[in-house]
Amino acid sequence: MKKTIIITGIGGMGIACARRLGSGYKLLLCDFNEQQLSNVSAELTIGGYDVTTLKLDVSDKASVEAAASKAVELGEIQAIIHTAGLSPTMSSGERILAVNLIGTARMLEAFEPHLSPGTVGVFISSSSSYLSNNLTPEQEKEILRLSADELLEYVPTMGLTDPNTAYPASKKANRLQIAAASVKWGKKGARIMSISPGVHSTPMGKQEQEAHAVMGYMIDNTPAGRVGTAEDIASMVEFIISPAGNFLSGSDILVDGGVVAFLQTSAIK
Ligand SMILES: NC(=O)c1ccc[n+]([C@@H]2O[C@H](COP(=O)([O-])OP(=O)(O)OC[C@H]3O[C@@H](n4cnc5c(N)ncnc54)[C@H](O)[C@@H]3O)[C@@H](O)[C@H]2O)c1
């Protein structure tokens, strides 16, 4: 019986993960954008993948619970790859927090009852979470203490209305959420990790590059000497999920070609 891999966010990174990891599994692809889902599903199905799609809004409790139910209905869950997210140029601060921060809390709550030994979660954070320090210790505590429903009331009080501050804060929160979740997941024989991409040439990455000149500066100074690709993330997801990654749990892997190292060390000099 085939196991299921669920991927949320069928944009640049989600598609790369589906292609790289989907062979031999039931792929459940979930996204807010139904046209995108239909296009990607048609292409992957022609390519021999076993694809099911579901419209998902990760900020919506019922929608996330429906995705979790669908995933287990298809078969035991091997991996949960959560890439769905919004960047600063895509929405308001409030919506970014609802999708990136509360959406992650909803994903964790909805999938926890369906974990089995060997299930691996990989949730996508961002290198921006290393570059700004905009969550107070009190906020970090509350993010980990409160349920997703409670966060709905708390998050608007955090004062993060500017998308450019809401985004890195939401991604820093994601790293904490994943670290905390790993403790619960471990009790079920499951693992969960986050990955923080740098600047990657996906639809989202390109939109941010056009809006923020600093992204060009970051690419020009990336020690790896190039912009990231979606495949750079998919290959790290593959490693985390594989037996070679089975001592990885509760931490974050920065896959940014070294740009955070460049920015942090040039700030010290
Ligand atoms: N591309 C980069 O340079 C970069 C850098 C750092 C972090 N990230 C993070 O990586 C992840 C994937 O980014 P990407 O570059 O593949 O972006 P993308 O825009 O290509 O794909 C994101 C997908 O998420 C979907 N989505 C948005 N809101 C949703 C919602 N409420 N419910 C369900 N789906 C929703 C979109 O429809 C889209 O298909 C995101 O979480 C992003 O914040 C990307």
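Right above here is the structure, for reference.
Attention here is on the structure that accompanies the text. As the structure is a prediction and not an experimental result, all values here were calculated from the model. (Residues numbered from 1 in each chain as written. Predicted model: local features only at pLDDT ≥ 70, side-chain atom pairs only at ≥ 80, totals over all residues. Heavy atoms only, no water.)

1. So, the site of the ligand
Counted only if it meets this: Near residues are defined by distance, with any heavy atom within 4 Å of the molecule or strand qualifying the residue. Distance and chemistry together define a polar contact, namely a pair of N or O atoms within 3.5 Å, with one atom able to donate a hydrogen and the other to accept it when in protein, and with adjacent residues in sequence counting only for side-chain atoms on both sides. Computed with the Shrake-Rupley method and a 1.4 Å probe, the accessible areas treat only the protein chains shown as cover for residues. The way it works is that DSSP assigns letters per residue, a run of H or I at least four long becomes a helix, a run of E at least two long becomes a strand, and they are numbered from the N terminus.
Surveying the vicinity of the ligand reveals 31 residues, the closest of which are Asp31, Tyr167, Lys171, His200 and Thr202. The contact in question runs from an oxygen atom of the ligand to an N or O atom on the side chain of Asp31, over 2.6 Å. Within the contact set of the ligand, a nitrogen atom lies 3.1 Å away from a backbone nitrogen or oxygen of Val58. Protein chains shield 93% of the accessible area of the ligand, which is 830 Å² for the free molecule. Mapped onto the shell around the ligand, the elements with two or more residues apiece are helix H1 (12–21), helix H4 (93–111), helix H8 (163–186) and helix H9 (203–211).

2. A closer look at the packing of aromatic side chains
Here is the rule: Aromatic pairs are defined between Phe, Tyr and Trp rings, using the six-membered ring for Trp, whenever the two ring centres lie within 6.5 Å; interplanar angles under 30 degrees are classed as stacked, those over 60 as edge-to-face, and all others as tilted. The rule for a charge over a ring is simple: NZ of Lys or CZ of Arg within 6 Å of the ring centre, and within 35 degrees of the ring normal.
With the rule as written, the count across this model stands at one aromatic pair. Positioned above the aromatic ring of Phe32 is the side chain of Lys55, whose terminal nitrogen or guanidinium carbon lies 5.1 Å from the ring centre. The aromatic ring of Phe32 is capped on one face by Arg95, whose charged end is 5.8 Å from the ring centroid.

3. Structural notes on the sheet that holds strand E2 (residues 26–31)
Put simply, the rule reads: Strands are treated as partners if at least two bridges between them are detected by DSSP. Convention adopted: a line fitted to C-alpha atoms gives each axis, helices being fitted over their contacting stretch, and angles between N-to-C directions are expressed from 0 to 180 degrees. Contacts are assigned to residue pairs with any non-hydrogen atoms lying within 4.5 Å of each other.
Strand order across the open sheet formed by seven strands is E3-E2-E1-E4-E5-E6-E7, with parallel pairing between neighbours. In this open sheet, the two edge strands, each paired with only one partner strand, are strand E3 (50–55) and strand E7 (252–255). Here the average twist between neighbouring strands, direction ignored, is 20 degrees. The sheet strands contacting H4 are strand E1 (4–8), strand E4 (77–82), strand E5 (120–124) and strand E6 (191–197), and the helix crosses E4 at an angle near 170 degrees.

4. Section: the pattern of salt bridges
Formally: Salt bridge, as used here, is a side-chain nitrogen of Lys or Arg placed within 4 Å of a carboxyl oxygen of Asp or Glu. Note on classification: 1.4 Å probe, protein chains only; a residue is buried when its accessible area is under 20% of the maximum for its type, exposed when over 50%, partly exposed between these limits.
Throughout the structure, instances matching the rule amount to eleven salt bridges. A salt bridge links Arg19 to Glu43, with the nearest nitrogen and oxygen atoms 2.7 Å apart. With Arg19 in helix H1 and Glu43 in helix H2 (residues 34–46), the pair connects residues that are 24 residues apart, well separated along the chain. Under the relative-accessibility criterion, Glu43 is labelled partly exposed at 49%. One network of salt bridges, with partners in common, ties together Lys61, Arg106 and Asp149.

5. Overview of the pairing of E4
In plain terms, the rule: Handedness is read with the strands pointing away from the viewer; a crossover is right-handed when the path from the first strand over the helix to the second is clockwise.
Burial within E4 is extensive, with six of its six residues counted as buried. By the bridge criterion, four bridges tie E4 to E5 in an arrangement that is parallel. Within the sheet, the bridge partner assigned to His82 lies in E5 and is Phe123. Once you follow E4 into H4 and on to E5, the crossover reads as right-handed.

6. Some remarks on the side chain of Thr4
When you line up the elements, Thr4 lands in strand E1. Separated by 3.4 Å, the side chain of Thr4 and the backbone oxygen of Ala71 make a polar contact. Setting aside anything within four residues of it in sequence, one finds Thr4 in contact with Lys26, Leu28, Ala71, Leu74, Gly75, Glu76, Ile77, Gln78 and Ala79.

7. Some words on the pairing of E6
Of all seven residues that make up E6, seven are buried, and the element is covered over most of its length. Covered by surrounding structure in E6 are Arg191, Met193, Ile195 and Pro197 together with Ile192, Ser194 and Ser196, the residues of both alternating faces. Note that E6 and E7 share four bridges and pair parallel. Bridging from a neighbouring strand, Ile195 pairs with Ile253 of E7.

8. Quick look at the nonpolar core
Taken as a class, soluble globular proteins show a tendency for nonpolar side chains to be buried jointly. The line we're drawing: Joining through side-chain atoms within 4.5 Å is the link that ties buried Ala, Val, Leu, Ile, Met, Phe, Trp, Tyr and Cys residues into a set, and such a set is a nonpolar core.
Core analysis: the largest hydrophobic core is formed by 45 residues, its most contacted members being Ile6, Ile80, Leu101, Phe111, Leu151 and Trp185. Counting only elements with at least two residues in this core, the list comes to E2, helix H3 (61–74), E4, H4, helix H7 (148–154) and H8. The dominant element in this core, judged by the number of residues it contributes, is H4, at ten residues. Aside from chain neighbours lying at most four places away, what touches Phe111 is Ile6, Ala67, Ala68, Ala71, Ile77 and Ile80. Core analysis: the next-biggest nonpolar cluster, separate from the first, contains 30 residues, Leu44, Val51, Met193 and Ala234 among them.

9. Quick notes on the state of the cysteines
Inclusion rule: Any pair of cysteine sulfurs within 2.5 Å is marked as a disulfide.
Going through the model one piece at a time under the given rule, you end up with zero disulfides. Cys30 provides the cysteine sulfur closest to Cys17, a residue in no disulfide bond, and the two sulfurs are 14 Å apart. Taking the relative accessible area as the measure of exposure, Cys17 reaches 1% and is therefore buried. Take Cys30: its relative accessible area is 0%, and that puts it in the buried class.

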